[in-house]
Amino acid sequence: MLADNDKMVHREPYRMADRPDDDRDDDREDDREIGVKLATRPKTKRPPLYKVLILNDDYTPMEFVVHVLERFFGMTHAQAFELMLTVHKKGLAVVGVFSYEIAETKVALVMDYAQRHQHPLQCTMEKE
Ligand code: TYC
């Protein structure tokens, strides 16, 4: 660290090329005087996210719902069982949040799987 009295100091007069810009008086057409934006932020937007929901019904067996949550949403048996009970008690629950394409695929896979097993389980998506 430099002590206060050791600060770098120009001991010679500035030559034109060395002078700080602020001191120049020959720069009236310089860009910086009319506020030109030098850097722009790239205009990127995050893609919208979609909630995937499972709905309760009176007929789909609890174990089937647990299996669906394990199979299509990567839950452990304990996580799946807990979420299934939430749906059973509250009527519905969010099982995951995904990009549009992934959410759409999950819904289609679950609906197809439930239909093939002849259960009325409903799975839907909505924008977050
Ligand atoms: N309510 C169903 C039953 O009592 C169980 C169930 C839970 C069904 C969650 C659907 O999304 C569901 N057998």
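Our subject is the structure that appears above.
Residue positions are counted from 1 within each chain, in the order its sequence is given. For this predicted model, a pLDDT threshold of at least 70 governs which residues receive local features, and a threshold of 80 or more governs which side-chain atom pairs are given and counted, while totals over whole chains, interfaces and linings are taken from all residues. The basis for every side-chain value is the complete set of non-hydrogen atoms in the structure, without hydrogens or water.

Caption draft 1: Geometry of the packing of helix α1 (residues 62–73) against helix α2 (residues 77–90). In this analysis an axis means a line fitted to C-alpha atoms, helices contributing only their contacting stretch, and an angle means the value between N-to-C directions, from 0 to 180 degrees. Runs of E in the DSSP output that reach at least two residues are strands. Runs of H or I that reach at least four are helices, and both are numbered from the N terminus. Closest axis-to-axis distance for the α1/α2 pair is 8 Å, and the angle between their directions is 125 degrees. As far as their axial angle goes, α2 and α1 are oblique. For α1 against α2, the interelement crossing comes out right-handed. For the pair α1 and α2, the contacting residues are M62, E63, V65, V66, L69 and E70 in the first and H77, A80, F81, L83, M84, L85 and H88 in the second. Geometric relationships in this document are graded by angle, where less than 35 degrees denotes roughly parallel, more than 145 denotes roughly antiparallel, 65 to 115 denotes roughly perpendicular, and other angles denote oblique. We call a crossing left-handed when the near helix sits turned anticlockwise from the far one by less than a right angle, and right-handed when that turn is clockwise. We call two residues in contact when some of their heavy atoms are within 4.5 Å.

Caption draft 2: Fine view of α2. In this scheme, a helix's expected span is set at 1.5 Å multiplied by one less than its residue total. Along its 14 residues, α2 runs 20 Å from first to last C-alpha, staying within 8% of the 20 Å computed at 1.5 Å per residue. Buried residues are those whose accessible area, probed at 1.4 Å on protein chains only, stays under 20% of the maximum for their type, while exposed residues exceed 50% and partly exposed ones sit between those limits. For α2, the complete set of buried residues consists of A80, L83, M84 and V87. Axial view of α2: buried residues confined to an arc of 105 degrees, hence all on one face. More than 90 degrees from the buried face of α2, the exposed residues found are A78, E82, K89 and K90. Buried residues along α2 sit in contact with β1 (49–55), α1 and β2 (92–99). Once α2 ends, the next one or two residues include G91, with phi positive near 105 degrees. Our arc is simply the arc of the directions from the helix axis toward the C-beta atoms.

Caption draft 3: Expanded view of the sheet that holds strand β3 (residues 122–127). On the basis of which strands lie adjacent, the open sheet formed by 3 strands has the order β2-β1-β3 and antiparallel pairing. Looking at which strands have only one partner, the edges of the open sheet turn out to be β2 and β3. Across the sheet, the axes of successive neighbouring strands diverge by a mean angle of 30 degrees, strand direction being ignored. By the bridge criterion, 7 bridges tie β1 to β2 in an arrangement that is antiparallel. The criterion for strand pairing is that DSSP finds at least two bridges linking the strands in question.

Caption draft 4: Molecular detail of α1. With 12 residues, α1 ought to run about 16 Å at 1.5 Å a step, and its terminal C-alpha atoms sit 16 Å apart, in line with that. Where α1 is concerned, the buried positions are F64, V65, V66, V68, L69, F72 and F73. Where α1 terminates, the next one or two residues include G74, which has phi positive at roughly 65 degrees.

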